[in-house]
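Descriptive structure summary
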Amino acid sequence: MDSERMVRRQNGTRRTALTISTIADVAAGFLVLWIVLFLLGANQANVFVEFVQGTADWLGWWAQDIFTMDTEGIRVVLNYGLPAVIYLLIGHGIAARLNRAA
């Protein structure tokens with residue numbers, strides 16, 4: 001009975017770790033997608049582009065204008081890239097720690 005409970009706990013911990021890393025990946029994906037769309041000059045009046053930009057703005061609000069470059073493209077890469085990297089580092093760090101504990 002104890003081994004079955006331990007296996008269930010390990011499986012639950014691994015699922016939680018996978019969920020956390022997936023959420024971090026999706027968040028970073030939206031931020032990177034916005035960077036790519038911006039750099040490629042996507043039509044910002046398009047509904048999909050507006051959705052991606054709005055999501056990226058929501059995810060990266062805390063990092064906006066950390067870097068104030070003259071070149072708009074570099075500014076977008078840095079101000080949206082930083083949150084993407086931080087989400088990946090934190091999300092995958094937590095997931096790795098959970099997997100080690102399992």
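The following paragraphs examine the structure supplied in this document. (Residues numbered from 1 in each chain as written. Predicted model: local features only at pLDDT ≥ 70, side-chain atom pairs only at ≥ 80, totals over all residues. Heavy atoms only, no water.)

Moving on, we get to the overall build of the protein. When helices and strands are tallied, the protein shows three helices and zero strands. The order of helices and strands in the protein, counted from the N terminus, is α-α-α. Along the longest, intermediate and shortest principal axes, the C-alpha atoms of the protein span 60 × 25 × 20 Å. The proportion of buried residues among the 102 residues of the protein is 26%. (Helix = DSSP H or I, 4+ residues; strand = E, 2+ residues; numbered from the N terminus. Buried < 20%, exposed > 50% of the residue type's maximum accessible area, 1.4 Å probe, protein only.)

Let us now look at the packing of aromatic side chains. Evaluation of the coordinates by the stated rule reveals four aromatic pairs. Judged by centre distance (5.8 Å) and plane angle (80°), the ring pair of Phe30 and Phe51 falls under edge-to-face. Remark: Phe51 occurs in helix 2 (residues 47-59) and Phe30 occurs in helix 1 (residues 2-39); sequence separation between them is 21 residues. A relative accessible area of 23% means that Phe30 is categorised as partly exposed. With 6.3 Å between their ring centres and 80° between their planes, Trp62 and Tyr87 make a pair best called edge-to-face. Within this pair, whereas Trp62 is found in the loop between helix 2 and helix 3 (72-101), its partner Tyr87 is found in helix 3, the two being separated by 25 residues in sequence. A relative accessible area of 32% places Trp62 in the partly exposed class. What links up through ring pairs into an aromatic cluster is the set Trp34, Phe38 and Tyr80. (Phe/Tyr/Trp six-rings, centres within 6.5 Å; stacked < 30°, edge-to-face > 60°.)

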